[in-house]
Each structure stands twice: as structure tokens, then as C-alpha cells.
Amino acid sequence: MSQSLVLASGSATRAAMLRAAGVPFEVVVARVDEETFTAGLLAEGASARDIADALAEMKAARISPRRPEAFVLGCDQTLSCDGELFSKPATPEEARKQLRSLMGRTHKLHSAAVIYQHEQPVWREVTEAKLTMGRMSDEWVDGYLGRNWESVRHSAGAYRIEEEGVRLFTKVEGDHFTILGLPLLPLLSFLTLRGTIPS
């Protein structure tokens with residue numbers, strides 16, 4: 001008997017990836033205080049990778065008691081550059097500072113996914129991508145943020161590579177799905193193995 005999949009995230013991008021892959025699922029958003037949780041982990045010296053993993057697990061663990069029989073999928077992503085963790089920009093000015101800080105440098109994205117069932121973790125994956133940003137003029141950056149603020153304000157680093165933000169980059173190393181925030185191929189392998197999706 002196949003298990004139903006519950007996405008414990010309100011991310012439209014992750015939902016779109018699952019939908020495009022033909023994966024049946026429902027959304028039950030996990031309400032968590034990510035900022036406080038992340039601050040605590042940073043104070044303990046946790047790496048960006050471990051923070052993504054812990055946040056993904058926290059979301060899955062929050063919803064699993066409500067849907068114990070289902071596979072509950074928690075996801076998260078972190079962006080780090082030379083040890084500094086970037087969060088979602090609160091204002092266009094903060095977004096401008098983030099972009100300026102990342103230009104000419106290589107940063108890392110860690111995308112984590114954890115599945116809980118019966119309030120226990122049964123699968124997890126954390127993948128990494130490295131992205132190198134070029135240098136753009138102040139005028140272009142201002143125009144970019146003016147055109148795309150409503151989209152990029154939801155993304156650490158203040159860009160979406162699947163949109164106009166791709167023009168910021170000179171080199172990308174890693175899986176495209178990792179960049180979008182979900183290790184999709186390993187997830188599909190697990191769901192196929194467990195009979196959630198047919199093969």
C-alpha cells in the first residue's frame with residue numbers, strides 16, 4: 001500500500017516541482033519560528049548545511065503527529081558565503097546590500113529534505129550547489145530589484161535564478177533542483193522505492 005505525501009511547506013516553487021514531476025501530494029504548512037531557531041543554531045556553531053537539515057526536520061516533525069501514517073516532507077534551504085549566512089531580505093535596500101556582497105564571489109546553497117512517518121525520520125537528503133556571481137552596475141541592480149522585488153524578497157541572496165536573476169551568474173556547479181530548493185531526484189527515488197509513485 002502506497003503512502004500519501006504531505007508537503008510541510010508553503011513554498012510555491014517546491015509545490016510546482018512536485019506537481020511537474022507528477023507526484024501526488026497535499027500541503028499542510030508547518031508554522032515555525034525559523035529566525036529564532038536559526039539564531040540558536042548559529043550560536044552553537046552549526047554549519048549552513050546542518051541548519052538547512054535541522055530546519056527541514058523541524059517542519060516535518062511539526063506536522064507528522066497530525067498525519068502519522070503519511071510521509072511528511074519538510075524542506076529548507078540556506079545560502080552561505082565565506083561562513084556568512086544570508087537570510088531573506090526585508091527591504092529593497094537590504095536586497096541591494098546582499099547582491100553587492102555576493103558579486104564577484106562564489107556562494108553555496110544547501111537544500112535539505114527530511115521525511116517523517118509516525119513521528120520519526122525515515123529519509124533525509126542534503127545537497128549542495130555552488131554559484132559564482134559576476135559584477136553588475138548599480139543601475140542594473142536598481143532596475144533588477146525594481147522589476148523583481150515582489151519575487152526576490154522571498155529568497156535569500158535576493159535573486160531567483162529561474163527568472164531574470166540568471167543574468168547575475170557566471171558559473172553554476174550543482175543540480176538545478178538544489179538551486180530551486182529541493183533535492184528532487186533523490187526524493188523521487190525514495191518515493192518510487194516506497195511505492196508512493198509508480199515506476
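Here the structure is a predicted model, which is why all the values come from computation and not from measurement.

Caption draft 1: Geometry of helix 4 (residues 92-102). All of the buried residues in helix 4 are Ala95, Gln98, Leu99 and Leu102. Viewed along the axis of helix 4, the buried residues span an arc of 95°, placing them on a single side of the element. Elements that come into contact with the buried residues of helix 4 comprise strand 3 (71-81), strand 4 (84-86), strand 5 (106-117), strand 6 (120-133) and helix 5 (138-152). Positive backbone phi, approximately 80°, marks Gly104, located one or two places after helix 4.

Caption draft 2: Summary view of the UniProt feature "active site" (unreviewed entry) in the protein. With numbering aligned to this structure, UniProt lists the feature "active site" (unreviewed entry) at Asp76. With respect to the secondary-structure elements, Asp76 resides in strand 3. The residues touching Asp76, leaving out its near neighbours within four places in the chain, are Arg14, Glu34, Ala52, Leu55, Ala56, Lys59, His110, Ser111 and Ala112.

Caption draft 3: Representation of the side chain of Ser80. For Ser80, the location among the structural elements is in strand 3. When near neighbours in sequence (up to four residues on either side) are disregarded, Ser80 contacts Ala48, Leu85, His107 and Lys108.

Caption draft 4: Geometry of the pairing of strand 6. Alignment of strand 5 against strand 6, held across 12 bridges, turns out to be antiparallel. Its bridge partner being in strand 6, Ala113 is matched across the sheet by Glu125. The loop that links strand 5 with its antiparallel partner strand 6 comprises 2 residues; one of these, His118, has a positive phi angle of about 55°. Of the pairings in the sheet, the one linking strand 6 to strand 7 (residues 169-173) comprises 4 bridges and is antiparallel in character. Across the sheet, the residue bridging to Met133 is Phe169, located in strand 7.

Caption draft 5: Representation of the pattern of salt bridges in the model. With the rule as written, the count across this model stands at 14 salt bridges. Between Glu26 and Arg67 there is a salt bridge, with the nearest N and O atoms lying 2.5 Å from each other. With Glu26 in strand 2 (residues 26-27) and Arg67 in the loop between helix 3 (48-63) and strand 3, this pair connects stretches of sequence that are 41 residues apart. Linked by salt bridges that have partners in common, Glu34, Lys59 and Asp76 make up one network.

Caption draft 6: Seen up close, the packing of helix 2 (residues 34-43) against helix 3. The N-to-C vectors of helix 2 and helix 3 enclose an angle of 140°; their axes lie 11 Å apart at closest approach. Taken together, the axes of helix 2 and helix 3 are oblique relative to one another. When the axes of helix 2 and helix 3 are compared, the crossing they make is right-handed. In this structure, helix 2 uses Glu34, Phe37, Thr38, Leu41 and Leu42 to contact helix 3, whose residues at the interface are Ile51, Ala54, Leu55, Met58 and Lys59. Classifying every residue of the contact of helix 2 with helix 3 by side-chain character gives 7 nonpolar, 1 polar and 2 charged.

Caption draft 7: Structural context of the pairing of strand 5. Most of strand 5 is tucked away, with 10 of its 12 residues classed as buried. Inspection of the sheet shows strand 3 paired to strand 5 by 9 bridges, in the antiparallel sense. Paired with Asp76 across the bridge in strand 5 is Ala112.

Caption draft 8: Summary view of the packing of aromatic side chains. Applying the stated criterion across every chain yields a total of 4 aromatic pairs. Look at Phe71 and Phe190: their rings are 5.3 Å apart centre to centre, the planes differ by 55°, and that puts the pair in the tilted class. You can see Phe71 sitting in strand 3 and its partner Phe190 sitting in helix 7 (residues 184-193), a full 119 residues away along the chain. Judged by its relative accessible area of 8%, Phe190 is buried. Put simply, the rings of Phe71, Trp123 and Phe190 touch in pairs and so form one group of aromatic residues.

Cut-offs and rules
- Residues numbered from 1 in each chain as written.
- Predicted model: local features only at pLDDT ≥ 70, side-chain atom pairs only at ≥ 80, totals over all residues.
- Heavy atoms only, no water.
- Buried < 20%, exposed > 50% of the residue type's maximum accessible area, 1.4 Å probe, protein only.
- Helix = DSSP H or I, 4+ residues; strand = E, 2+ residues; numbered from the N terminus.
- Arc of directions from axis to C-beta.
- Contact = heavy atoms within 4.5 Å.
- UniProt positions renumbered as here; feature names shortened; annotations may be inferred.
- Pairing = 2+ DSSP bridges.
- Salt bridge = Lys/Arg side-chain N within 4 Å of Asp/Glu carboxyl O.
- Axes fitted to C-alpha atoms, helices over the stretch in contact; angles between N-to-C directions.
- Parallel < 35°, antiparallel > 145°, perpendicular 65-115°, else oblique.
- Left-handed = near helix turned anticlockwise from the far one by under 90°.
- Nonpolar A, V, L, I, M, F, W, Y, C, P; charged D, E, K, R; others polar.
- Phe/Tyr/Trp six-rings, centres within 6.5 Å; stacked < 30°, edge-to-face > 60°.

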